[in-house]
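In case you want the letters, here they are:
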Amino acid sequence: MSGFRPFAMERWQSTYEYRVDHNLSESGVEPLTVRELLELAGTGIDQLPLGYGQSNGSDPLRAAIAALYPGAADAGVVVCNGSAEANYIACWRLVEPGDTVAVGVPTYMQSHGLAGNFGARIIEVPLHEERGWQPDPEEVRRLLVGNIRLLVITNPNNPTGATLDREARAALIAAAERTGAWILADEVYTGAELSGADTPSFFGQYPRTIATGSLSKAYGLPGLRIGWAVTTPAMAADLWSRKDYTTIAPGALTDHLARLALDDAVRPRITARTRDIIRRGLAVLRPYLERWGCSWRAPEAGAICYAHYPWPINSSAFAERLRAERSVLVVPGDQFAMDGYVRFGIGLHDEPHHQALGRVNQLVRSLGGPAPAP
C-alpha cells in the first residue's frame, strides 16, 4: 500500500523472538502457565463449554475490569483481543484524514503509526530524559494548540518505564481540554510498578478518555490475548460496533481465565509475582549497564529498561549483530525513532537473564567496551 507505515518493532519481534536463544526484547515477565493460574484461583476448567462468548466480553469479566477504574461502568468496558485491538478500534473510531493527533514520544509506536496510516497529521510531544522522561509543561502549552482530535499517552511509558507525575498529567489534561481532544491512554503496564502502587489512570480525570489495558504485561498472561478499553458507555458502544468487524469476540476459554486472573483474591498475588521478577531483573541488569558506561534511569514500571549506550554503532546494526552473532534479541532505539538507545527486557528468571547478558557483553567487548565484573 502506497505510503503505508509498517510497525517496525512488532515485525522485528515477531520475526525473531522464537528464533533466538535469549529474548531480551520482551517487555513483560516470564508468563504463568495455565496450571499456575488455576492453582492460584483454586479451580479447574474441565467443564467449560467452548462456544462463542459475548462479543464485548462476558458480563463478569467486564465488571471485574470496571472495578479497576473508579467511576467506570460495566457498559463502558469493551473486552478486546489484546490492548493492540483496543488501541486500533479507538484510532479507527476517532481519527479521520486531515485530523491532528498529538503523541507523547518516545512511545510504543502502534497508535503513532495508526494515526499516520489513517491520514492524520502528527504532533510529537517530547518526553525529556533530563526531566525523568516527563514533558515540559510549557512546551506542551506551546505545541498543543488549535483543534486536536486525539492525544495519545502511554503511561507507564514504553520504552522508558517512567510514570507521569502530577504536573505532567495536569498539563496534558489541560491541553486536551483546551484543544477539544480525546485522550487515548495506553496503560498496559499498570500493575507492574516497582513501588507496588498502581499508576493513576487518566480515566476519571478527564471525561473524553479511552483507557486501554491488558493481561499481557503486569499479569504475565500475554498468551490469553485479553485486553480492554474503558471509556464512556456511549463511546464503548461505538468501539464495540467496530470490533464486530475485527475479531468479533474474545475466546470463551481466555475470557474465563481472565476472570480468574482479575479475581480480588488472585490479582494481588499475580502482580506481586510480576513486581518481584522485575526487581530481580533490574538487579541483574544494573551492574552490566554501569560497567558498560550506559546512561539510563531505573524504570518505575514494566519489565523494561531503556539505556543510552556509548558504543560506536547504530542501534539497529547493534541489535542485528547481537541477533545474528549471539542469538539474543533486543529492541533498538531506532524503532522508537531514537538512535543510540537499546531497550532491554528484564522479565526473565535470573539464570537465563545472566546468560543472555553475558552474550551481550561478548558483543560489547568486540566493540571496545569493558567486561562487567563477575
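As the structure is a prediction and not an experimental result, all values here were calculated from the model. Residue numbers restart at each chain and count upward from 1, following the sequence in its written direction. Restriction of local features to residues with pLDDT of at least 70 applies here, the model being predicted, together with a cutoff of 80 or more for giving and counting side-chain atom pairs; totals for whole chains, interfaces and linings are based on all residues. With hydrogens and water excluded, all non-hydrogen atoms of the structure serve as input to the side-chain values.

Notes on empty space enclosed by the protein
Worth spelling out the cut-off: Any residue with an atom within 4 Å of a point lines the site, the site being either a cavity, points on a 1 Å grid over the protein atoms alone where a 1.4 Å probe fits but cannot get out, or a pocket, an open set with protein on both sides within 12 Å along at least 5 of 7 lines. Grid points are joined across faces, edges and corners, and a volume is the space filled by probe spheres set on the points. Just so you know the grouping, Ala, Val, Leu, Ile, Met, Phe, Trp, Tyr, Cys and Pro go in nonpolar, Asp, Glu, Lys and Arg go in charged, and all remaining residues, Gly too, go in polar.
Summed over all chains, the structure comprises 2 cavities of 30 Å³ or more. Roughly 80 Å³ of internal volume is contained in the largest cavity. Gly104, Val125, Leu127, Leu151, Val152, Ile153, Thr154, Asn157, Leu164 and Leu172 together form the lining of the largest cavity. Residues that form the lining of the largest cavity fall into these classes: 7 nonpolar, 3 polar and no charged.

Quick notes on helix 10 (residues 267–292)
We count it as follows: In this text, helices come from DSSP runs of H or I with a minimum length of four residues, and strands from runs of E with a minimum of two, each type numbered from the N-terminal end. How far a helix is expected to stretch is found by multiplying one less than its residue total by 1.5 Å. To get the bend at any residue, fit one axis to the seven residues that end at it and another to the seven that begin at it, then take the angle between the two axes.
With 26 residues, helix 10 should cover 38 Å at 1.5 Å per step; its first-to-last C-alpha distance of 37 Å lies within 8% of that length. If you look at helix 10, its biggest bend is around 30°, right at Leu285, and the proline Pro287 turns up within four residues after that. Backbone geometry just downstream of helix 10 places Gly293 in the positive-phi region, at approximately 80°.

Considerations on the side chain of Arg343
Heads up, the condition is: The buried label applies to any residue whose accessible area, calculated with a 1.4 Å probe on protein chains only, is under 20% of its type's maximum; exposed applies above 50%, and partly exposed to all values in between. Counted as positive: Lys and Arg. Counted as negative: Asp and Glu, with His and the chain ends omitted from the count. Any Lys or Arg side-chain nitrogen found within 4 Å of a carboxyl oxygen on Asp or Glu counts as a salt bridge. In protein, a polar contact requires one atom able to donate a hydrogen and another able to accept it; more generally it is a pair of N or O atoms within 3.5 Å, and residues adjacent in sequence count only if both atoms are side-chain atoms.
Looking at where Arg343 falls in the secondary structure, it is placed in strand 13 (residues 341–345). For the buried Arg343, no salt bridge exists, and the shortest N-O distance to an oppositely charged side chain is 6.3 Å, to Glu26. Among the polar contacts listed, one links the side chain of Arg343 to the backbone oxygen of Ser25, at a separation of 2.5 Å.

Some words on the sheet that holds strand 2 (residues 77–80)
For clarity, the cut-off: Here the rule is simple: two strands pair whenever DSSP picks up at least two bridges between them. In this description, a line fitted to the C-alpha atoms serves as the axis of each element, helices being fitted only across the stretch in contact, and the angle between N-to-C directions of two axes falls anywhere from 0 to 180 degrees. Contacts were defined at the residue level, with two residues in contact if any of their heavy atoms lie within 4.5 Å.
Strand order in the open sheet made by the 7 strands is 2-8-7-6-5-3-4, with mixed pairing throughout. This sheet does not close on itself; its edge strands, each paired only once, are strand 2 and strand 4 (121–126). The average undirected angle you get between the axes of adjacent strands in this sheet is 20°. Bridge count for strand 6 (residues 182–186) against strand 7 (residues 209–214) is 4 bridges, and the pairing is parallel. Within strand 7, the position partnered with Ile183 by the bridge is Thr209. Sitting on the sheet, helix 3 (residues 59–66) touches strand 2 and strand 8 (227–230), and the angle it makes with strand 2 is about 115°.

Examining the packing of aromatic side chains
Put simply, the rule reads: To pair, rings of Phe, Tyr and Trp, with the six-membered ring standing in for Trp, must have centres within 6.5 Å; the planes then decide the type, stacked if under 30 degrees apart, edge-to-face if over 60, and tilted in the middle.
Considering all chains together, one arrives at 16 aromatic pairs under this definition. When the centroid spacing of 5.7 Å and the interplanar angle of 75° are considered together, the rings of Trp292 and Trp311 count as edge-to-face. Here Trp292 is found in helix 10, whereas its partner Trp311 is found in the loop between strand 10 (304–308) and helix 11 (315–326), with 19 residues between them in sequence. The pair Trp292 / Trp311 is uniform in exposure class, with both members buried.

Re the sheet that holds strand 13
Spatially, the 4 strands line up as an open sheet ordered 9-10-13-12, and their pairing is antiparallel. If you trace the sheet from one side to the other, it starts and ends with strand 9 (295–296) and strand 12 (331–332), each paired once. As paired strands, strand 9 and strand 10 are joined by 2 bridges and run antiparallel to one another. Paired with Trp296 across the strands is Ala307, a residue of strand 10.

A look at a nonpolar patch on the surface
To be explicit about the condition: For patches, a residue must show more than 30% relative accessible area and have no salt bridge; joins then use 9 Å for like charges and 5 Å for nonpolar side chains, namely Val, Leu, Ile, Met, Phe, Trp and Tyr. Under the convention used here, a 1.4 Å probe and the Shrake-Rupley method define accessible areas, while residue burial counts only the protein chains that appear.
Side chains of Tyr88, Trp92 and Tyr245 sit close together on the surface and give an oily, nonpolar patch of about 350 Å² of accessible area. Considering the arrangement of structural elements, one finds Trp92 in helix 4 (residues 82–94).

Thoughts on the layout of surface pockets
Considering only enclosed or pocket space, the largest pocket measures out at about 810 Å³ in volume. Looking at the lining of the largest pocket, the elements with two or more residues in it are helix 1 (8–16), strand 1 (22–23) and helix 4. Taken together, the residues of the lining of the largest pocket break down into 10 nonpolar, 15 polar and 9 charged. Space inside the second largest pocket adds up to approximately 440 Å³. Contributing to the lining of the second largest pocket are 21 residues, with Arg5, Pro6, Phe7, Gln110 and Gly113 lying nearest its centre. Looking at the lining of the second largest pocket, the elements with two or more residues in it are helix 1, helix 4 and helix 5 (110–117). Per-element accounting of the lining of the second largest pocket gives the leading share, 5 residues, to helix 5.

Comments concerning the environment of Val364
Looking at where Val364 falls in the secondary structure, it is placed in helix 12 (residues 350–366). Once the C-alpha coordinates of Val364 and Arg267 are considered, the two residues, 97 residues apart in sequence, prove to be 39 Å apart.

Quick notes on the pattern of salt bridges
Per the stated rule, a full pass over the model turns up 14 salt bridges. Notably, a salt bridge pairs Lys217 with Glu26, separated by 3.3 Å at the nearest N-O pair. Residue Lys217 is found in the loop between strand 7 and strand 8, and its partner Glu26 is found in the loop between strand 1 and helix 2 (34–41); the two are separated by 191 residues along the sequence. On the basis of relative accessible area, Glu26 is assigned to the partly exposed category, the value being 25%. Arg267 serves as the salt-bridge partner of Asp198, at 3.2 Å between the closest nitrogen and oxygen. Taken as a pair, Asp198 in the loop between strand 6 and strand 7 and Arg267 in helix 10 lie far apart in primary sequence, 69 residues in all. Asp198 gets classed as partly exposed once you look at its relative accessible area, which sits at 38%.

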